[in-house]
Amino acid sequence: MNTTDLTQDTINAAVWSACDTFRGTVDPSIYKDYVLTMLFLKYVSDVWQDHYDEYKAQYGDHPELIEEMLKNERFVLPASANFYALYDKRHSPGNGERIDKALHAIEDANIGKLRDVFQDISFNSNKLGEEQQKNDILRHLLEDFAKPELNLRPSRVGQLDIIGNAYEFLIKNFASTSGKKAGEFYTPPEVSTLMARLMTPQEGDEICDPACGSGSLLMKCGRLVRERTGSRKYSLHGQEAIGSTWALAKMNMFLHGEDNHRIEWGDTIRNPKLLDGANGLKHFDIVVANPPFSLEKWGHEAADADPFGRFRRGVPPRTKGDYAFILHMIETMKPRSGRMAVVVPHGVLFRGAAEGRIRKQLIDENLLDIVIGLPEKLFYGTGIPAAILVFRKKKADDNVLFIDASHDYQDGKNQNFLRETDLQRILHTVEARKSVDKYAYLASSDEVAENDYNLNIPRYVDTFEEEKEIDLMAVRRERSQLKAELTRLEERMAGYLKELGYE
């Protein structure tokens, strides 16, 4: 099979079937990290071997010369850490320990790009069972990835994005099978596409996601810059609280060739790590996020004394962290070009008390630009409908555009989906910035104030459809006809029964 025969679906199917080794033995939320890490290891090994063979064909069998040439690669692969070295020893005890050592050797050899990425995963963990079972599972996993279908050499798969896309495919599939935990690491692709398009990223933009999960939303923004300008002149910045998810994001960036990134591991609210040279919050052209909905323990206890002044508009309630993330994002927008899009549960639009006061302040400062209501069941792990809020530091007017997109979607078995036509309708409405009957309403700041700063979408977008008036006389006539028909049928049935001798 050459590169023209090979499709993304072929690679996706091969990596998904490699998960069979774990199914029924280990929970998907656990084995996803092992499969994704093994895909990473196989990819770097195949790229390394491919380039080694190219140099060998070009310069002859001179290992020392080839070693020098390989020092110019995007990464270094120590010989002992090569997938094939692990595969050759797969029948011997100690597979878990050998894989762990290989990953740490790769990390040490590429410390600038992969520092600490593998510290939170261990193939030698008891999560995979006792020693014999663990060794067998890992032998099968090595054999799965050694199959010809998973030959990931560039000379076979061609463009880099095939591997990156396979990685994204696995993350998405794990998200759809992992229940509530999935929301921690993945935003549905059509939602992240919508958010990226709403932000219209430009060449040179600095883009941030302070709750970046696997990094998919950030990469959507970067991809849009490349598609529209052909330029890679942009930078991606993110922070993620969960160690294993942060590692996913780092590998995801590496596999997509997004080398101009900075992804930090830590709690964004309690310990923001994306700082400028003066230890203040770094500012970005674009800030996007799908933060955890209504986080209960978000760091309320230290909010009053926040050294970055993020809660000067008010401290969010103790048990709901939605506005903590919104206020953090607001403070990290650049003064002129800053724009942001955030996914929120609907409660953010209308809850009172502290949240009501914060919402009023944000509207009075003319920062809120657009409110978009999304359909239910779009997000992994929750069926509740959500909304996207768009804020801008410099708005063209002091209005707020409300869009009720909750009725436009494709039904799915477990999840609903936004179609391209649904995205286009939203984007065209945003661009036109005009009211659309039963779909959108451009409200003035005075109208929002008259509604007591309540942003509940039905207050602005009337989607009520009057029911057709019922003709009671027609219903009465139809009822009489049905009764007469029933009487005729009963008489006929009685006649049949009489002929058969049943009286």
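Residues numbered from 1 in each chain as written. Predicted model: local features only at pLDDT ≥ 70, side-chain atom pairs only at ≥ 80, totals over all residues. Heavy atoms only, no water.

The protein chain goes by site-specific DNA-methyltransferase (adenine-specific) in an unreviewed UniProt entry, where it is assigned to Noviluteimonas caseinilytica. The heading Catalytic activity (unreviewed entry) in the UniProt record of the protein chain holds the text "a 2'-deoxyadenosine in DNA + S-adenosyl-L-methionine = an N(6)-methyl-2'-deoxyadenosine in DNA + S-adenosyl-L-homocysteine + H(+)". Taken verbatim from the UniProt record of the protein chain, the Sequence similarities (unreviewed entry) comment is "Belongs to the N(4)/N(6)-methyltransferase family." (UniProt positions renumbered as here; feature names shortened; annotations may be inferred.)

Here we take up the sheet that holds strand β9 (residues 440-443). Picture the strands of a sheet paired through backbone hydrogen bonds; they go either parallel or antiparallel. Spatially, nine strands are ordered β3-β2-β1-β4-β5-β7-β6-β8-β9 in an open sheet, and the strand pairing comes out mixed. Taken across any chain shown, the strands that pair with only one partner, and hence form the sheet edges, are β3 (261-265) and β9. Geometrically, the sheet is characterised by an average inter-axis angle of 15° between neighbouring strands, direction not taken into account. Of the strand pairs in this sheet, strand β4 (residues 286-289) and strand β5 (residues 339-345) are connected by four bridges, and their pairing is parallel. Each residue of the ladder has a partner; that of Val287, found in β5, is Met340. (Pairing = 2+ DSSP bridges. Helix = DSSP H or I, 4+ residues; strand = E, 2+ residues; numbered from the N terminus. Axes fitted to C-alpha atoms, helices over the stretch in contact; angles between N-to-C directions.)

A few words on helix α18 (residues 472-499). Taking 1.5 Å of rise per residue, the 28 residues of α18 would be expected to cover 40 Å, and the 41 Å separating its terminal C-alpha atoms lies within 8% of that figure. Count one or two residues on from α18 and you reach Gly501, which has phi positive near 90°. (Expected span 1.5 Å × (residues − 1).)

To continue, consider the pairing of β5. Judged by how many residues are buried, β5 sits mostly within the fold: seven of seven residues are covered. Of the two faces of β5, the one holding Arg339, Ala341, Val343 and Pro345 and the one holding Met340, Val342 and Val344 are both buried throughout. A crossover links β4 with its parallel partner β5, the connecting element being helix α13 (residues 322-331), and its sense is right-handed. The pairing of β5 with strand β7 (residues 386-392) spans seven bridges and is antiparallel. Paired with Val342 across the strands is Leu389, a residue of β7. (Buried < 20%, exposed > 50% of the residue type's maximum accessible area, 1.4 Å probe, protein only. Right-handed = clockwise from strand over helix to strand, strands pointing away.)

Enumeration according to the criterion identifies 32 salt bridges in this entry. Residues Glu206 and Lys334 are paired through a salt bridge, measuring 3.0 Å at the closest nitrogen-oxygen approach. With Glu206 in strand β1 (residues 206-209) and Lys334 in the loop between α13 and β5, this residue pair connects regions lying 128 residues apart in the sequence. Look at Lys334 and you get partly exposed, because its relative accessible area is 21%. For Arg310, the salt bridge goes to Asp306, with nearest N and O atoms at 2.8 Å. (Salt bridge = Lys/Arg side-chain N within 4 Å of Asp/Glu carboxyl O.)

Attention now goes to the UniProt feature "domain: N6 adenine-specific DNA methyltransferase N-terminal" (unreviewed entry) in the protein chain. Residues annotated by UniProt as "domain: N6 adenine-specific DNA methyltransferase N-terminal" (unreviewed entry) correspond here to residues 12-145. As a span, residues 12-145 carries 64% helix and 0% strand, and end to end its C-alpha atoms are 12 Å apart.

Attention now goes to the environment of Glu168. In this structure, Glu168 sits in helix α9 (residues 161-177). Take Glu168: its relative accessible area is 14%, and that puts it in the buried class. Along the sequence, Glu168 and Lys147 sit 21 residues apart, while their C-alpha atoms lie 21 Å from each other.

Here we take up the pairing of β4. Consecutive side chains along a regular strand alternate between the two faces of the sheet. Side-chain alternation along β4 places Ile286 and Val288 on one buried face and Val287 and Ala289 on a second face that is also buried. As judged from the two bridges shared by β1 and β4, these two strands associate in the parallel manner. Looking across to β4, one finds that Cys208 is bridged to Val287.

Further remarks concern the environment of Thr37. Within the secondary structure, Thr37 is located in helix α2 (residues 28-59). Of the residues examined, Thr37 reaches a relative accessible area of 2% and is grouped as buried. Every residue in contact with Thr37, bar those within four places of it in the chain, is listed here: Leu103, Phe118, Ile121, Phe123 and Met251. (Contact = heavy atoms within 4.5 Å.)

Once that is clear, we can look at the environment of Leu170. Of note, Leu170 is situated in helix α9. Note: C-alpha distance between Leu170 and Lys32 (138 residues apart in sequence) is 8.0 Å. In this structure Leu170 touches Val15, Trp16, Cys19, Val35, Leu36 and Leu39, once residues within four positions along its chain are discounted.

Here we come to unusual backbone geometry. Of note in the backbone geometry, Ser294 takes a positive phi value of approximately 45° without being a glycine. By the secondary structure assignment, Ser294 is in the loop between β4 and α13. On the basis of relative accessible area, Ser294 is assigned to the partly exposed category, the value being 22%.

A separate point is the packing of helix α10 (residues 189-199) against helix α16 (residues 420-432). It is at 11 Å that the axes of α10 and α16 come closest, and there the two elements cross at 25°. Classified by the angle between their axes, α10 and α16 sit roughly parallel to one another. Helix-helix and strand crossings are classified by hand; for α10 and α16 the assignment is right-handed. On the side of α10, the interface is formed by Glu190, Thr193, Leu194, Arg197 and Leu198, while α16 contributes Glu420, Leu423, Gln424, Ile426, Leu427 and Val430. Of the residues contributing to the contact of α10 with α16, the split by class is six nonpolar, two polar and three charged. (Parallel < 35°, antiparallel > 145°, perpendicular 65-115°, else oblique. Left-handed = near helix turned anticlockwise from the far one by under 90°. Nonpolar A, V, L, I, M, F, W, Y, C, P; charged D, E, K, R; others polar.)

Quick look at the packing of aromatic side chains now. Summed over all chains, the structure comprises 10 aromatic pairs. Ring geometry for Phe83 against Tyr84: centres 5.3 Å apart, planes inclined by 90°, an arrangement best described as edge-to-face. Judged by relative accessible area, which is 0%, Phe83 ranks as buried. The class for Tyr84 is partly exposed, based on a relative accessible area of 28%. When the ring centre of Phe83 is taken as reference, the NZ or CZ atom of Lys42 above it lies at 5.5 Å. In this structure, Arg90 packs its charged tip against the face of Tyr87, placed 3.9 Å from the ring centre. (Phe/Tyr/Trp six-rings, centres within 6.5 Å; stacked < 30°, edge-to-face > 60°. Lys NZ or Arg CZ within 6 Å of the ring centre and 35° of its normal.)

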